[in-house]
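Chain by chain, the residues run as shown.
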Protein chains: 2
Amino acid sequence: MLPPLDLTVDVVTLTEQLVDIESVSRDEKAIADAVEEALSALAHLEVSRHGNTVVARTDLARGERVVIAGHLDTVPVNDNLPSRREGDLLHGLGTCDMKAGDAVILKLAATIPEPTRDVTYILYEAEEIEAAYNGLHLLAQSHPELLVADFAILMEPSDGVVEAGCQGTMRVDVHTAGTRAHSARSWLGDNAIHKAGEILARLGTYEARTPDIDGLTYHEGLNAVYVRGGVAGNVIPDECVVGVNFRYAPDRSEAEAEAFVRSFFEGYDVRVTDLAPGALPGLDVPAAKAFVETVGGRVNPKFGWTDVARFTALGVPAVNFGPGDPSLAHRRDEHVPIAQIVECERHLRAWLGGAA
Amino acid sequence: MLPPLDLTVDVVTLTEQLVDIESVSRDEKAIADAVEEALSALAHLEVSRHGNTVVARTDLARGERVVIAGHLDTVPVNDNLPSRREGDLLHGLGTCDMKAGDAVILKLAATIPEPTRDVTYILYEAEEIEAAYNGLHLLAQSHPELLVADFAILMEPSDGVVEAGCQGTMRVDVHTAGTRAHSARSWLGDNAIHKAGEILARLGTYEARTPDIDGLTYHEGLNAVYVRGGVAGNVIPDECVVGVNFRYAPDRSEAEAEAFVRSFFEGYDVRVTDLAPGALPGLDVPAAKAFVETVGGRVNPKFGWTDVARFTALGVPAVNFGPGDPSLAHRRDEHVPIAQIVECERHLRAWLGGAA
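Residues numbered from 1 in each chain as written. Chains lettered and ligands numbered in written order. Predicted model: local features only at pLDDT ≥ 70, side-chain atom pairs only at ≥ 80, totals over all residues. Heavy atoms only, no water.

### Some points on the overall build of chain A
The secondary structure content of chain A amounts to nine helices and 19 strands. Principal-axis analysis of the C-alpha atoms gives chain A an extent of 80 × 45 × 40 Å. Residue burial in chain A is summarised as follows: out of 356 residues, 57% are buried. Intrachain contacts of chain A at a sequence separation of at least 6 include 77% that bridge at least 24 residues. Here chain A has roughly 13,800 Å² of accessible surface; of this, 50% comes from carbon and sulfur atoms. Counting 30 positive and 54 negative side-chain charges, chain A places the averaged centre of each group 3 Å from the other. (Helix = DSSP H or I, 4+ residues; strand = E, 2+ residues; numbered from the N terminus. Buried < 20%, exposed > 50% of the residue type's maximum accessible area, 1.4 Å probe, protein only. Contact = heavy atoms within 4.5 Å. Areas by Shrake-Rupley, 256 points an atom, 1.4 Å probe, with all protein chains shown as cover. Lys, Arg positive; Asp, Glu negative; His and termini not counted. Charge placed at Lys NZ, Arg CZ, Asp CG, Glu CD.)

Written out as structure tokens, the structure reads:
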């Protein structure tokens, strides 16, 4: 039995407690139990449990409702538990991605009984693995009403700066075909790998689009992420596949992204294997404007795909805002600056009208 | 216990008997036992056994000695045993590659007690797999004196036409390197797969050399036989490898072949993974000339690498000459024209001065 979570401690200590509950994707029961138990003790929240996802809501009939969400799972342990404080930093698996953000959520939930905006706090399972397990995805299917809001904040690490929208991602396999032959009589065959050279050459000529959207500069990318071909060391290969990942700015729809890629690889057999839409920054709604002002007005574009796109798909503008450098996520030496956790809590507390 | 081989039957029936003794590489004991037993019964031959390789020699102090060799092993069974006669064809695993040739060897050995040239008959193991197991290779190391000869015939399928010499083969891995990055921020990385495009483009410009050697036209080939690259679907890859097979005419040495390939891929990291020399046709020695005349004067160049190169390396000119279409080797529907087996035996019998 784990000791219960203590929501009266400071946000950094609470981060340590959360980090020390191991919660690799698909193994989030212990942490979800602890979170559910701690939140259920708070009379001002209506708590519900969905698998290993916990939802806690205020219901104050405010004119505005916001979602603040964080995932409870981590990538696999890599000899980086338990947590360890060292000077200004807190080290350990999940410190950055994203239990510091979860700790901020829990502190806000526990200590602001009457926020100026109604809040739906969501602590969810399985963000680090296939979408089929993703707690937000499952919630959107089973209880879409719980995701209804004017604005959402996803507490993914963003170095404490608002990252708005996100780019879409698409994967295609570009195939070439040829004819097998023994390599000792290669002129009887037709080499499919040689034909892939032109695909790679075309990728080499790609120039990235960097559109400005709501004052943010996005940056697209079109890259081979794998290439496979070959039958045996003495056989002219009859097939080659170049796997390509297109990261596209949120001013393109999925259909437009696909049309671009198909046109780029015109003449080739292009098969879509994965396609997820981007999310527009959506900074023009009042709740978003107020939030950006509260945190100092700085906004960066989000390049990577995150769950903010799930909110956008539901019509809820969403941003990433959390402590920690995103480039440290999934690394063995993952850590978070303690000051960023504190700062992040302070900003959100101010935005929700909580006592300092 | 298998029934003993009967060397008094006709060469086609003997082929059937050999085919019906399963002898996938590394499992040649049964067939080698049968061959050794049958040959040991012949007083005019001196028989020795080396692993599952059997050597039988006449010792008539002729002015000339020739080797006639065939391998006893086959590629794995593919629902193509036992043998089956259908019209003019004999079907089954090993009919073409190369038990029809083995049957010819055994018939010659059994029925020509006093050949006009001394003969070393070799029936050897493990030709279809790694060189380390190859019976000829092992014999060259343990008993090189048994391979001493003026001329050698390897009874690999050659459609009953003399195929002289063989091309060399070389494999290299051509590497490119880059820098990993998340594909959402691809401009922070350096894509190693894109760089491989220029390697493939260069291969596309390759023009094959087709040198004439001793009146035979060889045909070189430089081909990618595999390509591998990729870390994950969201990572800019930092490495890509193009595997290239160079088949080169026997007027180039191994060192010259390597120099050509290194120069062709100048600027790239080229690593040699395999290198085997070709074999010059060597048709100017008297035994070779006499043989070619006997079989009608037609000679083709051999493109594929075969064990003739092992004889060349020992200073023994060698050719391929055997029944069966080489392009049927290793196929499930492998078969041999019955008339070719008979014809092949007839030619060799005439050359060795045996009674018709």
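### Here's the deal with the pairing of strand β7 (residues 151-154) of chain A
Residues and elements named next belong to chain A. Side-chain alternation along β7 places Phe-151 and Ile-153 on one buried face and Ala-152 and Leu-154 on a second face that is also buried. Here strand β3 (residues 65-71) runs beside β7; their pairing, made up of four bridges, is parallel. Bridging across to β7, Ile-68 finds its partner in Ile-153. (Pairing = 2+ DSSP bridges.)

### Concerning the interface of chain A and chain B
Contacts between the two partners involve 39 residues from chain A and, on the opposite side, 39 residues from chain B. The contact between chain A and chain B buries some 2,900 Å² in all, and 59% of this surface belongs to carbon and sulfur atoms. Sorting the residues of chain A by area buried against chain B places Trp-187, His-194 and Val-225 of chain A first, and these three jointly supply 19% of that buried surface. Remark: the boundary between chain A and chain B carries zero salt bridges. Where chain A meets chain B, there are 18 residue pairs in polar contact (both at pLDDT 80 or more). Mapped onto the side of chain A that touches chain B, the elements with two or more residues apiece are α5 (192-205), β13 (221-230), β14 (235-236) and β15 (239-248) of chain A. Of all the elements, β13 of chain A adds the most residues to the side of chain A that touches chain B, at 10 residues. (Buried area = accessible area lost by both parts, 1.4 Å probe. Salt bridge = Lys/Arg side-chain N within 4 Å of Asp/Glu carboxyl O. Polar contact = N/O pair within 3.5 Å; in protein donor to acceptor, adjacent residues only side chain to side chain.)

### Focus on the relation of the copies chain A and chain B
The transform that puts chain A on chain B rotates by 179° and translates by 0.0 Å along the axis, for an RMSD of 0.1 Å. Taken together, the rotation and translation relating the two chain copies correspond to the operation of a two-fold axis. Considering only C-alpha atoms, the part of chain A nearest the rotation axis is Gly-197 of chain A, at 2.3 Å. Counting the interface residues of chain A, we find that 100% of their copies in chain B are interface residues as well, pointing to one common contact surface. (Least-squares fit on C-alpha atoms with pLDDT ≥ 70 in both.)

### A few points about the sheet that holds strand β4 (residues 84-86) of chain A
Residues and elements named next belong to chain A. The antiparallel open sheet is built from three strands, whose spatial order is β4-β5-β19. The open sheet terminates on both sides in strands that have one partner only, identified here as β4 and β19 (335-337). Going from strand to strand, the sheet's axes swing by 25° on average, the running direction of each strand aside. Contacting β5 (89-91) and β19, helix α3 (residues 95-111) runs over the sheet at an angle of about 50° to β19. The sheet contacts of helix α9 (residues 338-351) involve β4, β5 and β19, and relative to β19 the element is tilted by about 60°. (Axes fitted to C-alpha atoms, helices over the stretch in contact; angles between N-to-C directions.)

### Things to note about helix α5 (residues 192-205) of chain B
Among all positions of α5 of chain B, only Ala-192, Ile-193, His-194, Ala-196, Gly-197, Ile-199, Leu-200 and Leu-203 of chain B are buried. In this structure, the buried side of α5 of chain B is in contact with α5 and β13 of chain A together with β9 (168-177), β13 (221-230), β15 (239-248) and α6 (254-264) of chain B.

### Regarding the confidence of the model for chain A
On average, residues of chain A carry a pLDDT of 94, and 99% of them reach 70 or more. Across the interface, the model reports ipTM at 0.81; the global pTM reads 0.81. (pLDDT = per-residue confidence, 0-100.)

### Description of the environment of Lys-302 of chain B
Residues and elements named next belong to chain B. By the element assignment, Lys-302 lies in the loop between β17 (299-301) and α8 (308-313). Each C-alpha atom of the pair Lys-302 and His-219 lies 9.4 Å from the other, and the pair is 83 residues apart in sequence. If we skip the residues at most four places from it in the chain, Lys-302 touches Pro-157, Glu-163, Ala-164, Gly-165, Cys-166, Gln-167, Tyr-218, Asn-320 and Pro-326. Among the polar contacts listed, one links the side chain of Lys-302 to the side chain of Glu-163, at a separation of 3.0 Å.

### Thoughts on the state of the cysteines
Under the counting rule described, the total for this entry stands at zero disulfides over all chains. Counting only cysteine sulfurs, Cys-96 of chain A is the nearest neighbor of Cys-166 of chain A, a cysteine outside any disulfide, at a range of 18 Å. (Disulfide = S-S within 2.5 Å.)

### So, the pairing of strand β3 (residues 65-71) of chain B
All names here are of chain B. Within β3, seven of the seven residues are buried, leaving the element largely enclosed by the surrounding structure. The two faces of β3 match: Arg-65, Val-67, Ala-69 and His-71 on one face and Val-66, Ile-68 and Gly-70 on the other face are all buried. Pairing of β3 with strand β6 (residues 118-124), which is carried by seven bridges, proceeds in the parallel orientation. Within the sheet, the bridge partner assigned to Gly-70 lies in β6 and is Leu-123.

### Considerations on the side chain of His-335 of chain A
All names here are of chain A. Here His-335 lies in strand β19. A relative accessible area of 17% means that His-335 is categorised as buried. Engagement of the side chain of His-335 in a polar contact is seen with the backbone oxygen of Asp-333, the distance being 2.8 Å.

### Here we look at the sheet that holds strand β9 (residues 168-177) of chain A
On the basis of which strands lie adjacent, the open sheet formed by eight strands has the order β16(A)-β9(A)-β15(A)-β13(A)-β13(B)-β15(B)-β9(B)-β16(B) and antiparallel pairing. Every other strand in the sheet has two partners, leaving β16 (269-276) of chain A together with β16 (269-276) of chain B as the edge strands with one partner each. Here the strands of the sheet are splayed against their neighbours by 25° on average, with no regard to which way each runs. Alignment of β9 of chain A against β15 of chain A, held across 10 bridges, turns out to be antiparallel. Looking across to β15 of chain A, one finds that Arg-171 of chain A is bridged to Asn-245 of chain A. Sitting on the sheet, α5 of chain A touches β9, β13 and β15 of chain A together with β13 of chain B, and the angle it makes with β15 of chain A is about 15°. Relative to the sheet, α5 of chain B contacts β13 of chain A together with β9, β13 and β15 of chain B, its axis offset from that of β15 of chain B by approximately 15°.

### Structural notes on the pattern of salt bridges
Enumeration according to the criterion identifies 42 salt bridges over all chains in this entry. Between Arg-209 of chain A and Asp-251 of chain A there is a salt bridge whose closest N-O contact spans 2.5 Å. Of this pair, Arg-209 of chain A sits in the loop between α5 and β11 (212-213) while Asp-251 of chain A is found in the loop between β15 and α6 (254-264), placing the two residues 42 residues apart along the sequence. The class of Arg-209 of chain A is partly exposed, set by a relative accessible area of 31%. A salt bridge links Glu-36 of chain B to Arg-49 of chain B; the shortest N-O distance between them is 2.6 Å. Placement of the pair is Glu-36 of chain B in helix α2 (residues 29-40) and Arg-49 of chain B in strand β1 (residues 46-50), with a sequence separation of 13 residues. Residues joined by salt bridges that share partners form a network here, namely Lys-29, Asp-33, Glu-36 and Arg-49 of chain A.

### A short note on the environment of Glu-343 of chain A
Note that Glu-343 of chain A resides in helix α9. For the pair Glu-343 of chain A and Asp-118 of chain A, spaced 225 residues apart in the sequence, the C-alpha separation amounts to 22 Å.

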